[in-house]
Every structure is written in C-alpha cells, then in structure tokens.
Amino acid sequence: MSVQVPPVIVGAGPAGIRAAQALVGRGLRPVMVDEAPRWGGQIYRQPPAHFQRSKKALYGWESGRADAVHEAMSGVLDRVDYRPDTLVWNAEAGHLDLLHQGRTSTLAYSQLIVASGATDRILPFIGWTKPGVYTLGGAQVALKYQGCAIGSKVVFLGTGPLLYLIAYQYALAGANVAAVLDTATLADQVAAAPALLARPSVLAKGLYYLAWLRAHGVRLQGGVRALRVLGDARTEALVWADARGEHTLACDAVGFGYALRSETQLADLLGCRFRFDDLARAWLPERDVAGRSSVPGIYLAGDGVGIMGADAAEWAGERAALALLSDNGHALDAPGRTRAAALERRLAGAARFRGGLERAFPFPLRWADQAPDELVVCRCEEVTAGDLRRTVSSTGATELNRLKAFCRVGMGRCQGRMCAAAAAEILAHCSGQQPAQVGRLRGQAPVKPIPFMDCAPADSLPREESA
Amino acid sequence: MSDPQPIGPTPASQFVRLAETQREPVPFTLDGRACHGLAGDTILTAVLAHGLVLRHADFSGEARAGFCLMGACQDCWILTAGGQRLRACTTFIAPGMNLRTRRPGDA
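Residues numbered from 1 in each chain as written. Chains lettered and ligands numbered in written order. Predicted model: local features only at pLDDT ≥ 70, side-chain atom pairs only at ≥ 80, totals over all residues.

A.B. asks: I'd like a description of the overall build of chain A, backed by residues and values.
C.D. replies: Helices and strands together make up the secondary structure of chain A, namely 14 helices and 23 strands. Taken over the C-alpha trace, chain A has a radius of gyration of 22 Å; the compact-globule value for 467 residues is 23 Å, and the two agree within 12%. Each principal axis of the C-alpha distribution contributes one length, and for chain A these read about 75 × 55 × 40 Å. Per-residue burial over chain A gives 52% buried out of 467 residues. If you take every contact in chain A between residues at least 6 apart in sequence, the share linking residues at least 24 apart comes to 69%. (Helix = DSSP H or I, 4+ residues; strand = E, 2+ residues; numbered from the N terminus. Rg over C-alpha atoms; globule rule 2.2 N^0.38 Å. Buried ≥ 20, exposed ≤ 12 C-beta atoms within 10 Å, placed from the backbone. Contact = placed C-beta atoms within 7 Å.)

So this is what it looks like as structure tokens:
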C-alpha cells in the first residue's frame, strides 16, 4: 500500500469539527491541527478536563449545540489524526509548518480546509492598554474557561451581539456588571428588525438578553462613544460621552469590541485571492458557495473567512468537506447532493441575517475622525494615531504596508491582529480614501511568535509521515 | 524554596473567581512573592488573581495584563526567573513556577 498524503483541517471549532465528521463519513482519515488543548473552538471552548460546571452553565441556550459539536468530535476521534496544542505558524503549497510543545515540524497535505476562526474587532480608546481592559471575547474566555470575571465591577462596551450575550453571562454568573454601553442606537436596532427576522429564534434570544439585563437593573446605554480609561497603571473608571455630554463611571475592568474580525493570515500565506467585503469593512479571502478558495485544493470555512457565527460555521465546514470530497474523486451521491444544497440554503439565510446584524450594530463610522492624536493604536509597537497621521502627511503613504514600513504600525508580535482595522480606518480617513483603497497588511510567517532556536532551515526539519 | 503560603485575593487583584474554586492549590512565585493558583488556571489567571500586572510594554514600560486571552494579541508574555518567556493565557500554571513581571534590574 502506498503512503497517502492526507487532507488536513486547521482549527477544531464548529467548522473544523463538522468538516472532519463529513470526511470521516466518506472513509477519509484527515489530520486535524488545533492550537487549543481541547476541541470546540472559541465559542464552544471547553474548560480544563477536571472543571465541574455543566454545559448548561457554560453555554446557556447554546449548550445543546455545544454538546452536539463536542460529541461529533468525540464520535470521530478514532478516525482523525487529531493534533491539539499545535500552532500552524506557516502555510505553503503542499505543507504546513507546525509548532508543538516547543518543537517545529512540517506536515504535508493533499487538500486543506482552513477554519481559523476570528477575534474581536478592536477600535481603541485612550487607556485601552491598561491592566483591566480586555476584549469582549477575552472577558468571555475568563468566565467560560477559567470561572473568573475580569474585574469586580465590569463595564461592557462597543457594539455587536456579543456585547449583550457576555453581559448577560457575567451577570448570571454573579459578576457585578456596572453598565453595557453600545455605540449603536435603538433606532439602528429597529431598522434592522426585518432582516433579523430571517432567523427569529436567534433574534428572540438577543431580545431576551436585553430584557433580562434590564429586568436585573443593569444599566444599558445606546449611542455612546468611549473616551478614556482613568487610573494610574490600572482601571479605575471609564469616561464616555453621549448626546448629553461626558460621563464618568467607576469600574475596575472594561470588556470591549466591535463585532469580530476574521483570522485570514493562513489563507493569505497560501496565496488565496482576497476581495474587499463592504459588510465586514475588511479584505476577505474569496470563496465559492461551497467554500472553495481561489487556490485549487484549499477550502475555507467558518468565521475565519467571513463572520457568520457558530451555526453557519458548522454548515460551512460540512459544505467545504463535501466540496473537497467531490473534487477528490468522491462524487456526491444523490443524498450528498441534496445535503449540499440544503447547507447552501441555510448559509444564504445566515448571510441575510448577518446583513441585519450589521444594521443593528453598525460600525462607528466617525471613529477615525474622532480618534485623538495621543491615542495608542498599535499596542505592540506603541504607535499613536498622531504618529500615523504625521507619517501619512510627511511620506504621502496611501497604502497600509507602506505605512507599516514607515512607522511600524502592525509590525509587532500580534502581526496587526489588534490594530490593523483601526490603522486602516485612520489611514483611509486622513488620506481621503475609502477603507477598500488602503489595502491590507500582508500575512507574514511566523503568524505567531515561535522560539528563535526552533527556526531551523526547513531542510533540517523532520518531515511528518502519515500512515 | 520555602513552603508556599496560600494568599487569598487582595483588593489589588484584577480577576475575581466566580466558580470552580474547589480545585487543588498550585504554589508558584511571583516577583519573589509566594502565591498559589488552582489546578487548571492559566498563568494569566493565577497571576491576575494575585496582582494587576503580567509584563511591561517594550517601549513605554507601562504595565500590561493581557488583552485577548486567546493567544492572538501576544501581550501576556511573562518572564520566568530563568529568562524564559511564557504566553500566560495559553500556558497552565505549574507547581514551583518562578514568574517575574519585569527583568531583574529593570526599574
């Protein structure tokens, strides 16, 4: 029997797990590489094994879905080459570079499904680098994964459905939620209602969180603008503004975010073609309805290729796996074709809903205009909004990678994950362009820091063999 | 090595434990101070249940205490007494870890 190069799935969240299940169902044995120690992704992240809380306590109304996704992975574990705690730090045609327990290796793939997920989209305010200020997703990780609140008096800030979900989860778990401050307005949410009715049960949950928070005395405020965190080396208060003026709210922690942004570095390193997505206000890899990228053999699924949420990630992961199978000589039978069509219909519905969410929680379009010069935009290299504006004015830079070369924005350890959205907004604003015109930061390997001693020449690395 | 002294959360701690508190204590040292976390804590959780800081920014020296908690922002790398750097949000606390929020000799 000849040694076959396997298909590889990157990411063990809802998209990756449903992809693995579909491949296993057709007799393939995929390799699944995931940076986390346990499967589930961020949304269905599992706490360490000996933790006690029930899935109901951890995932609330989504506990059924979380359990189904977790069980789907358990059910195929003996037929998947599952590699947890493993970072994919580079991706090229035909192979990935991995880091596991401080050691690098390479992994050959025949076809590749990238389900790399998302992180919070960050639009900073003064003091966002201080201890006590976290992303909304980070605040949720603290609770779900560690049983902790990010502080003893927490403000949640920004916009997007996560804002209310996390405030609800915190309050339900006994945390002191001082306020939920939304940059969107009630009028935005009313205008979005028709599109949100594409998924009435999801809309109903959102309305429930709002009503619950209000009934439990949590302050909910729309139409706000974050100004600054007060405190010397810690968070002591948040200053924010609305139409009536400035307000100061005592707190020792802030969780904030403005919806999510896709993790696209691996697709970029693989040479996938990108296009500007107006809804996401970001460059995203192109894909067809089945998840095929512009590069043959590379498939993209889940929030890593466009923010659609966890349910849609499951559908997209399975659909991408069916595409991989049919491209790989496993022509879909009639039930397979029916299933593929059903998944595509569900994904189209999710896309309509996504449009509604964007209306309900719109991007704060005046953010760049209002960002003060002293605002730190890049927390790694400590580049301010003023630095960016002065660089644009003195060099004439109109493109994001040029701006990075001149002033180091996005050049630090996070590779622009935290600052690229904000830097692009400021560059577009002060050079009189649209965000689509300023380009995007090119992906660079390693996508995350790896130990220097492990950066051996590729030829000297042991090559992973597959059975 | 002295015996670890269990030290409860102080008003100068960032994180508040709400659940899962019945876990085995894990002794560690933070800037020379004996502390304990709980089995299954990340370094970030264990440290921020005792303090406010994980590291200091490379240029300004300002205190930092992590940000994304999911391995994306890289702003929670903490030092060990041996000079190793560990990403605090994705590394579990282990007995006897000797952690530092700044390099010896730095202000």
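Still more to cover.
A.B. asks: Run through the interface of chain A and chain B, naming residues and quoting values.
C.D. replies: Taken together, the 37 residues of chain A in the interface contact 30 residues of chain B. Among the elements of the structure, strand 9 (133-135), helix 4 (136-146) and strand 10 (148-149) of chain A are those that each provide at least two residues to the side of chain A that touches chain B. For the side of chain A that touches chain B, the element with the highest residue contribution is helix 4 of chain A, accounting for five residues. Class assignment of the residues belonging to the side of chain A that touches chain B gives a composition of 15 nonpolar, 14 polar and eight charged. (Nonpolar A, V, L, I, M, F, W, Y, C, P; charged D, E, K, R; others polar.)

A.B. asks: An account of the pairing of strand 3 (residues 33-38) of chain B is needed here, citing residue identities and associated values.
C.D. replies: Regular strands place side chains that alternate from one sheet face to the opposite one. All names here are of chain B. Bridge count for strand 2 (residues 25-30) against strand 3 is six bridges, and the pairing is antiparallel. Within the sheet, the bridge partner assigned to Phe28 lies in strand 3 and is Cys35. In this antiparallel pair of consecutive strands, strand 2 and strand 3, the connection spans two residues, and Asp31 shows a positive phi of 50°. (Pairing = 2+ DSSP bridges.)

A.B. asks: Account for the pairing of strand 11 (residues 154-159) of chain A, with residues named and values stated.
C.D. replies: Residue and element names in this part refer to chain A. The element strand 11 is largely enclosed, with a buried count of six among its six residues. Residues of strand 11 alternate between two faces, with Val154, Phe156 and Gly158 on one and Val155, Leu157 and Thr159 on the opposite face, all of them buried. Summarising the sheet, strand 11 and strand 12 (residues 177-182) pair through five bridges and their orientation is parallel. Its bridge partner being in strand 12, Phe156 is matched across the sheet by Val180. The parallel pair strand 11 and strand 12, bridged by helix 5 (residues 161-172), forms a crossover whose chirality is right-handed. Inspection of the sheet shows strand 11 paired to strand 17 (residues 253-258) by six bridges, in the parallel sense. Paired with Thr159 across the bridge in strand 17 is Tyr258. (Right-handed = clockwise from strand over helix to strand, strands pointing away.)

A.B. asks: So what's going on with the nonpolar core? Which residues, and what values?
C.D. replies: All names here are of chain A. In this structure, Ala167, Val377 and Ala423 are the most contacted members of the largest nonpolar core, which totals 186 residues. The leading source of residues in this core is helix 9 (residues 310-327), at 10 residues. Val377 has contacts with Pro124, Val383, Thr384, Ala385, Leu388, Val409, Cys419, Ala422, Ala423 and Ile426, leaving out every residue within four places of it along the chain. (Core = buried A, V, L, I, M, F, W, Y, C linked by C-beta atoms within 7 Å.)

A.B. asks: Just give me the short version of the sheet that holds strand 15 (residues 237-242) of chain A, but keep the residues and values in it.
C.D. replies: All names here are of chain A. As summarised here, the arrangement of the three strands in space is 14-15-16, forming an open sheet in which the pairing is antiparallel. Every interior strand has two partners, whereas the edge strands, strand 14 (225-230) and strand 16 (245-250), have only one. Across the sheet, the mean angle separating the axes of adjacent strands is 25° when strand polarity is ignored. Across six bridges, the pairing between strand 15 and strand 16 is antiparallel. Across the sheet, the residue bridging to Ala241 is Glu246, located in strand 16. (Axes fitted to C-alpha atoms, helices over the stretch in contact; angles between N-to-C directions.)

A.B. asks: Break down the packing of helix 12 (residues 385-395) of chain A against helix 13 (residues 400-407) of chain A for me, with residues and values.
C.D. replies: Residue and element names in this part refer to chain A. Two elements in contact, helix 12 and helix 13, have axes whose closest approach is 10 Å; the angle formed by their N-to-C orientations is 105°. In terms of orientation, helix 12 lies roughly perpendicular with respect to helix 13. Counted together, Asp387, Leu388, Thr391, Val392 and Thr395 of helix 12 and Leu403, Phe406 and Cys407 of helix 13 form the full contact between these two elements. For the contact of helix 12 with helix 13, the class distribution of residues is five nonpolar, two polar and one charged. (Parallel < 35°, antiparallel > 145°, perpendicular 65-115°, else oblique.)

A.B. asks: Talk me through helix 7 (residues 200-215) of chain A; I want residue IDs and the actual numbers.
C.D. replies: All names here are of chain A. Relative to the 22 Å expected for 16 residues at 1.5 Å per residue, helix 7 spans 22 Å between its end C-alpha atoms, a close match to the ideal helical length. Within the span of helix 7, buried status applies to Leu203, Tyr209 and Leu213. Looking down the long axis of helix 7, one finds its buried residues gathered within 120° of arc, a one-sided arrangement. For helix 7, exposure combined with an orientation more than 90 degrees from the buried face picks out Pro200, Ser201, Ala204, Ala211 and Ala215. Buried residues along helix 7 sit in contact with helix 5, strand 12, helix 6 (186-196) and strand 13 (220-221). (Expected span 1.5 Å × (residues − 1). Arc of directions from axis to C-beta.)

A.B. asks: Help me get a handle on the domain arrangement of chain A, residues and values and all.
C.D. replies: Residue and element names in this part refer to chain A. Here chain A is described as being made up of domain 1 (8-119 + 261-331), domain 2 (122-258) and domain 3 (367-437). At the junction of the two partners, domain 1 supplies six residues and domain 3 supplies five residues. Classifying every residue of the side of domain 1 that touches domain 3 gives two nonpolar, two polar and two charged. (Domains from an automatic or database assignment.)

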